[in-house]
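For reference, the chains in residue letters:
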Amino acid sequence: MSPREPNDGVGSVLSWLFVAVIVLSTVAVPLATGPAKAAEAHIGISDVTVAPAEPTPGEQTDLEVTIRNGENSPSVVDVTDVYVRRQGSPTDIARIEDVGTITIGSSITIPVAVSFDEPGSKNLRVVLVGRQNDGSHVRVRYPVTVDVKEVSRPQLELSTEEAVPGATRSVNVTVSNGLTEDIRQLRVVSSSSEVNFSVTERVKPRLEAGNATTFTFPARVDEAGSYPVNVTLQYSSRGEKHELTRTYRPAFSSPTNPGQVILTDVQATQAGGALEISATAGNVGSDAVEGVVVSVADSSSVERSNYFIGSIDGSDFSSFTLRTAAQGNVSSVPVEVRYSVGGVEKSVTTSVSVDRQTMRRPVPDSGAGGLPLLPVGGAAAVLLVGAVVYRWRS
């Protein structure tokens, strides 16, 4: 035998140590990790359907959530919560608690009610939270998209007519039926806190598909400007009742050149106890005026008198002469013109200076002992009688 190398024993020991470390490390792994984790149940959301498929704003929508516990699931699941959130939002828009227990291999479907105020595509997450037999929890998320459509409804339009402030004008509400079916039992109501409506409700039994109709509401405002008007349309379609409300702020404007009466070429003349006023009443506006009356007010020196002109078209005129009685010397007299434009009464008063005409009377001869002057006719008669007497005596 050949002699051993000095380090052969050391190499053998190292080899055995290496093998021992490998064995011990292999055996120590399960001891370090403890007992094995229990398998999670095969719970999940298999489907979510939207009913109605295309809801409208404000309409209740049911998310039909189907939850299933698989055939090979190791545990029944007690579903504690099902809730709905918008994508990326921590806020619930709907939640149901204590849904119930789902056994192995079974499924349930539950409705979760939601609604949306605005149209558009809504990206949602349906979240399920459940508890297994061992007390552990499972959480499942399921994405769903809901398309909220703008509801097809009749359209409303509002317009106003021009009128002078205080006059009655028409507020017109047009209902257009753009639906594919007729609408029935129409009722239109108008209201405002700043507009005075003499009629607030109009009805119509039917409006055919594709047609339009206009409802007229008489209204008044004290001053020109923009004022809020609320319009509500109630109708039935396919046996269901609907209501639509809109708020408008239309302009209640006045004409740019409304009818207006002024007096021109005014002359007032007094001759003794008679007073005569002549003038021209002109309408300087573009709208006709009605019921034009010229009058002199009753006073201690002037008797009241009226002159009825009637109507004057826009940019037209009417001349008149008004006569009345007067006592004493009148220096001026108030002349009033009353008329209506757009149903609104107007009046204007003008003070007119009076010209006096002197009435001449015969003046007696101032010579002493003279005969009074005879009228021309009397003098001619005396001359004629004298001539006859003279010829008779000849």
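Residues numbered from 1 in each chain as written. Predicted model: local features only at pLDDT ≥ 70, side-chain atom pairs only at ≥ 80, totals over all residues. Heavy atoms only, no water.

**Student:** Run through the pairing of strand 20 (residues 289-296), naming residues and quoting values.
**Tutor:** With 6 of 8 residues buried, strand 20 is to be regarded as a mostly interior element. In this structure, strand 20 lies alongside strand 21 (residues 305-312), joined through 6 bridges in antiparallel fashion. From the neighbouring strand, V293 faces strand 21, where its bridge partner is F308. (Buried < 20%, exposed > 50% of the residue type's maximum accessible area, 1.4 Å probe, protein only. Helix = DSSP H or I, 4+ residues; strand = E, 2+ residues; numbered from the N terminus. Pairing = 2+ DSSP bridges.)

**Student:** Help me get a handle on the pairing of strand 4 (residues 92-102), residues and values and all.
**Tutor:** Looking at chain direction, strand 3 (residues 77-86) and strand 4 are connected through 8 bridges and run antiparallel. Paired with Y83 across the bridge in strand 4 is R95. Here strand 3 hands over to strand 4 after 5 residues, with G88 in that stretch at a positive phi of 80 degrees.

**Student:** Quick rundown of the sheet that holds strand 16 (residues 240-248)? Include the residues and the values.
**Tutor:** Strand order in the open sheet formed by 4 strands is 12-10-15-16, with antiparallel pairing between adjacent strands. Single-partner strands in this sheet number two, and they are strand 12 (201-207) and strand 16. Between one strand axis and the next, the sheet turns by 15 degrees as a mean value, whatever way the strands run. Inspection of the sheet shows strand 10 (residues 183-191) paired to strand 12 by 6 bridges, in the antiparallel sense. Bridge pairing links R187 to V203 in strand 12. (Axes fitted to C-alpha atoms, helices over the stretch in contact; angles between N-to-C directions.)

**Student:** Tell me about the packing of aromatic side chains, and please be specific about residues and values.
**Tutor:** The tally for this structure, following the rule as stated, stands at 3 aromatic pairs. Relative to F217, the ring of F197 has its centre 6.4 Å away and its plane inclined at 85 degrees; by these criteria the two rings are edge-to-face. With F197 in strand 11 (residues 196-197) and F217 in strand 13 (residues 212-220), the pair connects residues that are 20 residues apart, well separated along the chain. Of note, R202 hangs over the ring of F217, and the distance from its end group to the ring centre comes to 5.9 Å. (Phe/Tyr/Trp six-rings, centres within 6.5 Å; stacked < 30°, edge-to-face > 60°. Lys NZ or Arg CZ within 6 Å of the ring centre and 35° of its normal.)

**Student:** So what's going on with the pattern of salt bridges? Residues and values would help.
**Tutor:** Counted by the stated rule, this structure contains 11 salt bridges. Residue D92 is joined to R85 by a salt bridge in which the shortest nitrogen-to-oxygen separation is 2.5 Å. Under the relative-accessibility criterion, D92 is labelled partly exposed at 28%. Measuring nitrogen to oxygen at the nearest pair gives 3.1 Å for the salt bridge that ties R187 to E201. Of this pair, R187 sits in strand 10 while E201 is found in strand 12, placing the two residues 14 residues apart along the sequence. (Salt bridge = Lys/Arg side-chain N within 4 Å of Asp/Glu carboxyl O.)

**Student:** An account of the side chain of T324 is requested, with residue identities and associated values reported.
**Tutor:** Here T324 shows up in strand 22 (residues 317-325). For T324, a relative accessible area of 11% puts it in the buried group. Looking at T324, its side chain comes within polar contact range of the main-chain oxygen of E303, at 2.5 Å. Among residues more than four places away in sequence, those in contact with T324 are G273, A274, L275, V302, E303, R304 and S305. (Polar contact = N/O pair within 3.5 Å; in protein donor to acceptor, adjacent residues only side chain to side chain. Contact = heavy atoms within 4.5 Å.)

**Student:** Mind laying out the sheet that holds strand 1 (residues 43-51), listing which residues take part and the relevant values?
**Tutor:** Here 3 strands make up an open sheet; going across it, the order is 1-2-5 and the pairing antiparallel. Whereas interior strands pair on both sides, the edge strands pair on one side only; in this sheet they are strand 1 and strand 5 (107-114). Strand-to-strand twist in this sheet, taken as the mean axis angle between neighbours without regard to direction, amounts to 25 degrees. Looking at chain direction, strand 1 and strand 2 (residues 61-69) are connected through 8 bridges and run antiparallel. Its bridge partner lying in strand 2, V48 is registered against V65.

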